[in-house]
Amino acid sequence: MRAYANGDSIMKQHVPQESCPCGTKQPYETCCGPYLSGELVAGTAEQLMRSRYCGFVYRNEDYLLATWHPQTRPSRVRFDERQHWLGLSVRETHSGSDDDREAFVEFIARFKVNGKGHRLHENSRFKKIDGHWYYVNGEFL
Ligand SMILES: [Zn+2]
């Protein structure tokens, strides 16, 4: 089993047979896979956030747009070919259970561009419409 802990020198994209890119150490097929394939709907904001991270890793524009709140959804998602995602860690989640309409997920996502490491530290806002969570926007920390 490969260690993702430091994220160094892992330039290759994840493939679905490996553990889920979102960092749960579960196989992709039983973690975020069913959300991206449309089999399941994310039940919490954190699940949605994790699956959207996979959407960026696998450059799944349709999934990212479908899970974007209609009020903030862009017309398309541009992926940077040079950007290689290395890992995700969810720091904190506020109110993301069944009864809530709004939730915040703070996370750090690491990536490399041209061999140089970067961190994206964001507090993302999610809203629920008709039982489905949507990404609204994020604040960089
Ligand atoms: Zn996952």
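For the structure, check the block above.
Residues numbered from 1 in each chain as written. Predicted model: local features only at pLDDT ≥ 70, side-chain atom pairs only at ≥ 80, totals over all residues.

**Some remarks on helix H2 (residues 45–57)**
Threshold: Every helix listed is a DSSP run of H or I at least four residues long, and every strand listed is a run of E at least two residues long, numbered separately from the N terminus. A helix is expected to span 1.5 Å for every residue after the first. Remark: C-beta atoms are placed from the backbone, and a residue is labelled buried if 20 or more other C-beta atoms sit within 10 Å of its own, exposed if 12 or fewer do, or partly exposed between those counts.
For H2, built from 13 residues, the straight-helix expectation of 18 Å at 1.5 Å per residue is met to within 8% by its first-to-last C-alpha distance of 18 Å. Most of H2 sits inside the fold, with 13 of its 13 residues counted as buried.

**A look at the environment of Pro27**
Quick reminder of the rule: Contact definition: two residues whose C-beta atoms, as placed from backbone geometry, lie within 7 Å.
As for its placement among the helices and strands, Pro27 is situated in the segment before helix H1 (33–36). Its 13 C-beta neighbours within 10 Å are what place Pro27 among the partly exposed residues. Ignoring sequence-local partners within four residues, the contact set of Pro27 consists of Ser19 and Cys20.

**Some points on the sheet that holds strand S1 (residues 83–94)**
In plain terms, the rule: Two strands are said to pair when DSSP picks up at least two bridges between them. In this analysis an axis means a line fitted to C-alpha atoms, helices contributing only their contacting stretch, and an angle means the value between N-to-C directions, from 0 to 180 degrees.
Spatially, the four strands line up as an open sheet ordered S1-S2-S3-S4, and their pairing is antiparallel. Each edge of the sheet is formed by a strand with only one pairing partner; in this case those strands are S1 and strand S4 (132–140). Ignoring strand direction, the axes of neighbouring strands in this sheet form an average angle of 30°. Judged from the 10 bridges that link them, S1 and strand S2 (residues 102–113) form a sheet pairing that is antiparallel. Directly across from Glu92, in S2, lies its bridge partner Glu106. Sitting on the sheet, H2 is in contact with S1, S2, strand S3 (116–129) and S4, with an inclination near 175° to S1.

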